[in-house]
Amino acid sequence: MKKLILLAATALLGACQAMQPAAKASLDGEVFYLQRIALPATATLSVSLQDVSLADAPAQVLAEQKGPIKGQVPLPFHLSYDPAQVKPGHRYAVSARIELDGKLMFITTEHNGVNLDGKDPQPLKLRVDAVR
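What counts as what
Residues numbered from 1 in each chain as written. Predicted model: local features only at pLDDT ≥ 70, side-chain atom pairs only at ≥ 80, totals over all residues. Heavy atoms only, no water. Phe/Tyr/Trp six-rings, centres within 6.5 Å; stacked < 30°, edge-to-face > 60°. Helix = DSSP H or I, 4+ residues; strand = E, 2+ residues; numbered from the N terminus. Buried < 20%, exposed > 50% of the residue type's maximum accessible area, 1.4 Å probe, protein only. Pairing = 2+ DSSP bridges. Core = buried A, V, L, I, M, F, W, Y, C linked by side-chain atoms within 4.5 Å. Contact = heavy atoms within 4.5 Å. Salt bridge = Lys/Arg side-chain N within 4 Å of Asp/Glu carboxyl O. Axes fitted to C-alpha atoms, helices over the stretch in contact; angles between N-to-C directions.

**Q** Would you explain the packing of aromatic side chains in this entry?
**A** Here a ring pair, both rings aromatic, is described through the centre-centre distance and the interplanar angle of the planes. Overall, the coordinates contain one aromatic pair when judged by the stated rule. With a centroid separation of 4.3 Å and an interplanar angle of 15°, the aromatic rings of Y33 and F106 are classed as stacked. Of this pair, Y33 sits in the loop between strand 1 (25-32) and strand 2 (44-51) while F106 sits in strand 6 (residues 103-107), and the two are 73 residues apart along the sequence. For the pair formed by Y33 and F106, the shared burial category is buried.

Given below as structure tokens:
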């Protein structure tokens, strides 16, 4: 009987542990551009953290922030991700884009690599360039 109670208690504790929310890590930063123009009020900003390790495959998105733009540049962002998804030896990058009515206005054109080791400089500064 004692073994049965001990087994049930162990199973219950294991289930409680499994229900705990995963630890989260985050990257904070801002998106900016050099042009001296104001963004339309209906523009949207999308910032994503991606695993860019495989050259022949689409990047895997670990975190993304999307939504209407509030204010003007610099535009702040906050990306929360699960550190358990970070794989040793993989490469990660942050990219951003600004759209208006589904049409691309600005996009990052440079690689913005991050290590995701807790030592990345924050806030990250992402420059986006106009699309012509």
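Now, onward.
**Q** What is the right way to look at the pairing of strand 2 in this model?
**A** A large share of strand 2 lies buried, amounting to seven of its eight residues. Taken together, the eight bridges between strand 2 and strand 3 (residues 60-68) define a ladder with antiparallel strand orientation. Opposite S46, over in strand 3, you have K66 as the bridge partner.

**Q** What should I look at first to understand the nonpolar core in this one?
**A** It is characteristic of soluble globular proteins that their nonpolar side chains tend to be buried jointly. Core analysis: the biggest nonpolar cluster contains 26 residues, and V31, V47, L49, V94 and I98 have the highest contact counts within it. Only strand 1, strand 2, strand 3, strand 4 (75-81), strand 5 (92-100), strand 6 and strand 8 (124-127) provide two or more residues apiece to this core. Dropping the residues within four chain positions of it, V94 is found in contact with L27, V47, S48, L49, F77, L79, N112, V114, L124 and L126.

**Q** Would you mind going over the pattern of salt bridges with me for this structure?
**A** Tallied over the entire structure, the rule returns four salt bridges. Ionic pairing is found between R97 and E99, a salt bridge with its closest N-O pair at 2.9 Å. With its nearest N and O atoms 3.1 Å apart, the salt bridge here joins R127 to D129. Via salt bridges that share partners, E110, R127 and D129 belong to a single interconnected network.

**Q** What exactly am I supposed to notice about the side chain of T108 here?
**A** Within the element layout of this structure, T108 appears in the loop between strand 6 and strand 7 (113-114). If near-sequence neighbours (up to four positions away) are discounted, T108 is found in contact with S95, A96, L126, R127 and V128.

**Q** I would appreciate a short explanation of the environment of A41 in the present structure.
**A** Inspection of the secondary structure puts A41 in the loop between strand 1 and strand 2. Residues A41 and G71, 30 residues apart in the sequence, show an inter-C-alpha distance of 8.0 Å.

**Q** What should I look at first to understand the sheet that holds strand 8 in this one?
**A** Spatial ordering of the open sheet is given by 4-1-8, a layout of three strands whose pairing is mixed. Looking along the sheet, the strands with just one partner apiece sit at the ends: strand 4 and strand 8. Geometrically, the sheet is characterised by an average inter-axis angle of 30° between neighbouring strands, direction not taken into account. Inspection of the sheet shows strand 1 paired to strand 4 by seven bridges, in the antiparallel sense. Bridge pairing in strand 4 links S26 to S80.

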